[in-house]
Amino acid sequence: MDQKQRPSDETSDVTRRKFMRNGAVGAAGLALTAAGCEQAQKGETGKPCESHDKAEAAMRKTRSYNPDMEYRRLGKTGLWVSAVCMGGHWKRIDKMVPGVFKGKGWLSADLDSPGFRKNRRDVVTRCIESGINHIDACTWQEVTAYSEALRGRRDKMYLGFSWYQEEMRNEKCRTTKALLRTLDKGMRRTKLDYVDLWRITMHEQSGRHSKSEVDEMMGALAKARQQGKARFVGLSSHDRPHIKWMIETYPDVVQVVVTPYTAKSKVLPKDSVFEAITKHGVGFFGIKPFASNSLFKGDSTPGNPHAEQDDRLARLAIRYILCNPAITAPIPGMINPHQVDNMAKAVKERRELDVAEAAELEHAMDEAWARLPANYQWLKDWEYV
């Protein structure tokens, strides 16, 4: 991709999609609630300035706006998303729908099972009712499931799209043409007229990709926007230095990153990825907020002996993560409406942890680190970001 060629920002000519582009651009973590702005600039009189008024007006027009939910601007996309969004994974859904897994692992879920479909629709419904307005789907199974769960109410939530099986982790799909074919295929199969955010999934260590492969990927993202297929674009990687490099190298393409940030993560005092994220107004979705459920002692079965304490730890973790203003939203997976309610409650609780709460969460995360399964030991490398 020739970096001298700038991707077009014009999508207004694609009238069939009637895209509404919000022009508000600023820090990735600008947050607003119905009660006012937590981090907005104010004039000398102490009254909200004009930019704040415009931002709040835009925020109130976001999808599934709820005055009890906090909203944060998704970087330079101008979208306002809830302070907690919905991750696409359903790792423990078998606790709600016994027998739903047809094979080994959560991706083997029977997508046509009536119980599975009802569960996903019920969880999405509770998200909409609570003001949670973005779903991150990163596999063909997730895109399929959530496209169906949103059928007839597509305008209620923003949808992040990745068909990772045929994206950058597949060596046959590392060209602009191949990646666009994957996008077209996914949209066709799931009957999507457009995607709100195409966030291509790269190798976890995305530095393994060559410069030419990254150029091809950026070309696909830019072209998808030019064609009106994707409103906004981004990437998913677990490689902090490489994420920083991509943001700095392709500032006119990268709008959103999806990457880990747990309740044990801390910002590096120097050379943090958040320096580039803030400088370039990039939205940030944090995956693995609960360290792949290692934070919890219970198995997520309703009424299990650890349920109350696990709910409390989940809220503490979300509050801790949201104290980083450069983070747009953590995106935990949720398997029942109660978990949605608990996340909404976390947003409404006092943000900063007191000394006792901080000690409680730190102890719980130390135990979580000790419980991490072998295939998630890499999360320990995300203690300093």
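Coordinates for the structure precede this section.
Participant: Requested: an account of the pattern of salt bridges, with residues and values cited.
Facilitator: The full count for this structure, using the stated rule, is 28 salt bridges. Residues D112 and R117 are paired through a salt bridge, measuring 3.3 Å at the closest nitrogen-oxygen approach. Note that E213 is salt-bridged to R174, the shortest N-O span being 3.6 Å. Taken together, the positions of E213 in helix α5 (residues 211-226) and R174 in the loop between β7 (158-161) and α4 (176-190) put the pair 39 residues apart, joining distant regions of the chain. Because the salt bridges share partners, they merge into one network encompassing R315, R319, E349, R350, D354 and E357.

Participant: Give a detailed account of the side chain of T139, specifying residues and quantitative values.
Facilitator: Of note, T139 is situated in the loop between β6 (134-137) and α3 (140-149). Classification of T139 by relative accessible area gives buried; the value is 2%. Among all residues touching T139, those that are not within four sequence positions of it are L107, S162, Y164 and Q165.

Participant: Which residues make up unusual backbone geometry, and what are the values?
Facilitator: Even without being a glycine, D271 presents a positive backbone phi close to 60 degrees. Located in the positive-phi region is K288, a residue other than glycine, with phi close to 60 degrees. Assignment of secondary structure puts K288 in the loop between β11 (283-287) and α8 (307-322).

Participant: Describe the packing of aromatic side chains, listing the residues and the values that go with them.
Facilitator: This structure, assessed with the given rule, holds 11 aromatic pairs. Aromatic side chains W90 and W106 sit 5.5 Å apart centroid to centroid with 85 degrees between the ring planes, which places their arrangement in the edge-to-face category. In this pair, W90 sits in the loop between β5 (86-87) and α2 (114-130) while W106 sits in the loop between β5 and α2, placing the two residues 16 residues apart along the sequence. Each member of the pair W90 and W106 is classed as buried. Chaining the aromatic ring pairs together yields one cluster made of W90, W106, F116 and Y146. Of note, K264 hangs over the ring of W369, and the distance from its end group to the ring centre comes to 5.9 Å. For K266, the ring lying beneath its charged end belongs to Y384, and the centroid distance is 5.3 Å.

Participant: For the nonpolar core, give the residues involved together with the corresponding values.
Facilitator: Counting 99 residues, the largest nonpolar core has W90, V124, W198, M217, M218, V257 and F274 as the members making the most contacts within it. When residues in this core are grouped by element, the largest group, 7 residues, is from α8. Of all hydrophobic cores here, the second largest spans 13 residues; its members include L197, V256, F285 and I331.

Participant: Please provide a residue-by-residue account of the environment of N119, values included.
Facilitator: The residue N119 is located in helix α2 in this model. N119 sits in the buried class, given a relative accessible area of 8%. From its side chain, N119 meets the backbone oxygen of I335 in a polar contact 2.8 Å long.

Participant: I'd like to hear about α3, residue by residue, with values.
Facilitator: A large share of α3 lies buried, amounting to 7 of its 10 residues. Of the positions making up α3, those classed as buried are Q141, E142, V143, A145, Y146, S147 and A149.

Participant: Talk me through the sheet that holds β7; I want residue IDs and the actual numbers.
Facilitator: Paired through backbone hydrogen bonds, the strands of a sheet run either parallel or antiparallel to each other. Within the open sheet, the 8 strands sit side by side as β5-β6-β7-β8-β9-β10-β11-β12. Their pairing is parallel. This sheet does not close on itself; its edge strands, each paired only once, are β5 and β12 (329-330). Alignment of β5 against β6, held across 2 bridges, turns out to be parallel. Within the sheet, the bridge partner assigned to M86 lies in β6 and is I135.

What counts and how
- Residues numbered from 1 in each chain as written.
- Predicted model: local features only at pLDDT ≥ 70, side-chain atom pairs only at ≥ 80, totals over all residues.
- Heavy atoms only, no water.
- Salt bridge = Lys/Arg side-chain N within 4 Å of Asp/Glu carboxyl O.
- Helix = DSSP H or I, 4+ residues; strand = E, 2+ residues; numbered from the N terminus.
- Buried < 20%, exposed > 50% of the residue type's maximum accessible area, 1.4 Å probe, protein only.
- Contact = heavy atoms within 4.5 Å.
- Phe/Tyr/Trp six-rings, centres within 6.5 Å; stacked < 30°, edge-to-face > 60°.
- Lys NZ or Arg CZ within 6 Å of the ring centre and 35° of its normal.
- Core = buried A, V, L, I, M, F, W, Y, C linked by side-chain atoms within 4.5 Å.
- Polar contact = N/O pair within 3.5 Å; in protein donor to acceptor, adjacent residues only side chain to side chain.
- Pairing = 2+ DSSP bridges.

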